[in-house]
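# Structural characterization, general
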Amino acid sequence: MNIRLDSSLEFRWEQTELDRALSPNVLMGMPHLTPFGLSESWLLKELGHRHWLLVARAANMEDADFRDRGGREVYAAISALSMKGVKLLRIKANSVLTISSSVRRISRTQCWSRHDLEANGTPAGSVEMISTFVVRAREGDNHSIARVSIDGLPEIDQRGFPQVAAALRSKTAAVHFGFHLDQTEVRARKTFEPDVVRDFNGAGLLYFSNFPAIADGIIRQELGFYPAQLESFDRDVFYAGNLNAGDIVDVELVSAKLAGRDFGSYVRILRHNGAQIASIYLRGRTCG
């Protein structure tokens, strides 16, 4: 919010469109829910939207219409996602979901945000996101996406999850969530064609929020297990590319394990040419 001093010398709150869009409380209803509780897909879409608005507000913009120096539209491609201690099952119809958010810049081309969740005042987990400013080098071609820097943002601060993401991206980390990143044998593989209307966003990109859903699909297929039924879970996703409409992907269930109530899985998504575009790690506790 901005504070404006009027002629009577009294402080008055002037709320911007960005402030209204970032209201912390959301009343849960059918659009937000699945039969098991809060929809992970809806949650990620909402937090991705808030991330973009937070970046715009940090840049002192009135809206989130970012442009590069040549006037091309700039997008915030989510490059890494970390969900910790998320409890979707406890969020039901008429629950009030409270989202407390913060944002900072972590490089010339990247921003980070954190969103702490509460359901009716009870902690329900946290979500961290890293986005990269990108433009299309060739109009309409999502394979030509390239990084771009944006001026006017705060100083760089790389603490915490951004360091983990950087280690995964540079391949200096060998293990994540207990899974070996270089494992070549896979438990199962299937092909999948994302739907341009259902799975792509308004920027014409495969929506980052749908990558976990694609991974969960092969887990359900192979194990008959719905990750949405986990009592509490952590999920990390590292993105390395995107698709054009009509592209086919290979979804690989590299490994999955259930020991007592503890579940874990590692899924890779690749273009048909073998280029990996995402790695998705999940661990959680089933209901006792």
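Structure first, text after, so check above.
Our subject in this report is the structure included herewith. (Residues numbered from 1 in each chain as written. Predicted model: local features only at pLDDT ≥ 70, side-chain atom pairs only at ≥ 80, totals over all residues. Heavy atoms only, no water.)

On to the nonpolar core, then. Within the largest apolar cluster, 46 residues are counted, with the highest numbers of intra-cluster contacts made by Leu43, Leu97 and Val127. With five residues, the top contributor of residues to this core is helix H4 (residues 210-223). Dropping the residues within four chain positions of it, Leu97 is found in contact with Pro24, Asn25, Val26, Met28, Leu38, Trp42, Leu43, Ile91, Leu117 and Glu118. Grouped together as the second largest cluster of nonpolar side chains are 16 residues, Trp52, Cys111, Val135 and Ile150 included. (Core = buried A, V, L, I, M, F, W, Y, C linked by side-chain atoms within 4.5 Å. Buried < 20%, exposed > 50% of the residue type's maximum accessible area, 1.4 Å probe, protein only. Helix = DSSP H or I, 4+ residues; strand = E, 2+ residues; numbered from the N terminus. Contact = heavy atoms within 4.5 Å.)

Under the counting rule described, the total for this entry stands at 11 aromatic pairs. For the ring pair Phe211 and Tyr239, a centre distance of 5.0 Å and an interplane angle of 85° mean the geometry is edge-to-face. Pair noted here: Phe211 is in helix H4 and Tyr239 is in strand S14 (residues 232-239), with a separation of 28 residues, a long-range link. Centroid distance Phe238 to Tyr281: 6.1 Å. Interplanar angle 70°. Geometry classified as edge-to-face. (Phe/Tyr/Trp six-rings, centres within 6.5 Å; stacked < 30°, edge-to-face > 60°.)

Before going further, it helps to spend a moment on unusual backbone geometry. With phi around 55°, Asn120 is a residue other than glycine that occupies positive phi space. By the secondary structure assignment, Asn120 is in the loop between strand S8 (110-119) and strand S9 (122-136). The exposure class assigned to Asn120 is exposed, which follows from its relative accessible area of 53%. The backbone of Phe177 sits at a positive phi, close to 55°, despite the residue not being glycine. Taking relative accessible area as the criterion, Phe177 reaches 14% and is therefore assigned buried.

Moving on, we come to the pattern of salt bridges. For the coordinates displayed, the defined rule picks out 14 salt bridges. Between Arg189 and Glu252 there is a salt bridge; the shortest N-O distance is 3.2 Å. Placement of Arg189 in strand S13 (residues 188-192) and of Glu252 in strand S15 (residues 249-259) is noted, with a sequence separation of 63 residues between them. The exposure class assigned to Glu252 is buried, which follows from its relative accessible area of 8%. Where Arg283 meets Asp234, a salt bridge forms, and the shortest distance between an N and an O atom there is 3.0 Å. Placement of Arg283 in strand S17 (residues 276-285) and of Asp234 in strand S14 is noted, with a sequence separation of 49 residues between them. Residue classification places Arg283 among the partly exposed residues on the basis of a relative accessible area of 36%. (Salt bridge = Lys/Arg side-chain N within 4 Å of Asp/Glu carboxyl O.)

This part takes up the pairing of S17. Counting buried positions over the 10 residues of S17 gives seven, a clear majority of the element. Of the pairings in the sheet, the one linking S14 to S17 comprises eight bridges and is antiparallel in character. Its bridge partner being in S17, Phe233 is matched across the sheet by Gly284. Relative to S17, strand S16 (residues 262-271) runs antiparallel, the two being bridged by nine bridges. Within the sheet, the bridge partner assigned to Arg268 lies in S17 and is Ser279. The loop that links S16 with its antiparallel partner S17 comprises four residues; one of these, Gly274, has a positive phi angle of about 95°. (Pairing = 2+ DSSP bridges.)

On the secondary structure map, Ala213 appears in helix H4. For Ala213, a relative accessible area of 41% translates into the label partly exposed. The spacing of Ala213 and Pro227 is 14 residues in sequence and 9.6 Å in space, taken between C-alpha atoms.

This part takes up helix H2 (residues 40-58). For H2, with 19 residues, the first-to-last C-alpha span of 26 Å sits near the 27 Å given by 1.5 Å per residue. In terms of burial, H2 is largely enclosed, as 14 of its 19 residues are buried. Immediately beyond the C-terminal end of H2, within one or two residues, lies Asn60, with a positive phi of roughly 60°. (Expected span 1.5 Å × (residues − 1).)

Relative to each other, H2 and H4 sit at 160°, their axes nearing to 9 Å. The orientation of H2 with respect to H4, classified from their angle, is roughly antiparallel. The way H2 lies across H4 gives a crossing that is right-handed. Counted together, Glu40, Ser41, Leu44 and Lys45 of H2 and Asn210, Pro212 and Asp216 of H4 form the full contact between these two elements. Within the contact of H2 with H4, the residues separate by chemical class into two nonpolar, two polar and three charged. (Axes fitted to C-alpha atoms, helices over the stretch in contact; angles between N-to-C directions. Parallel < 35°, antiparallel > 145°, perpendicular 65-115°, else oblique. Left-handed = near helix turned anticlockwise from the far one by under 90°. Nonpolar A, V, L, I, M, F, W, Y, C, P; charged D, E, K, R; others polar.)

Take helix H3 (residues 161-170) next. Burial in H3 covers these residues: Phe161, Pro162, Ala165 and Leu168. Projected down its long axis, H3 carries its buried residues within an arc of 125°, all on one side. The positive-phi residue at the C-terminal boundary of H3 is Lys171, with phi of around 65°. (Arc of directions from axis to C-beta.)

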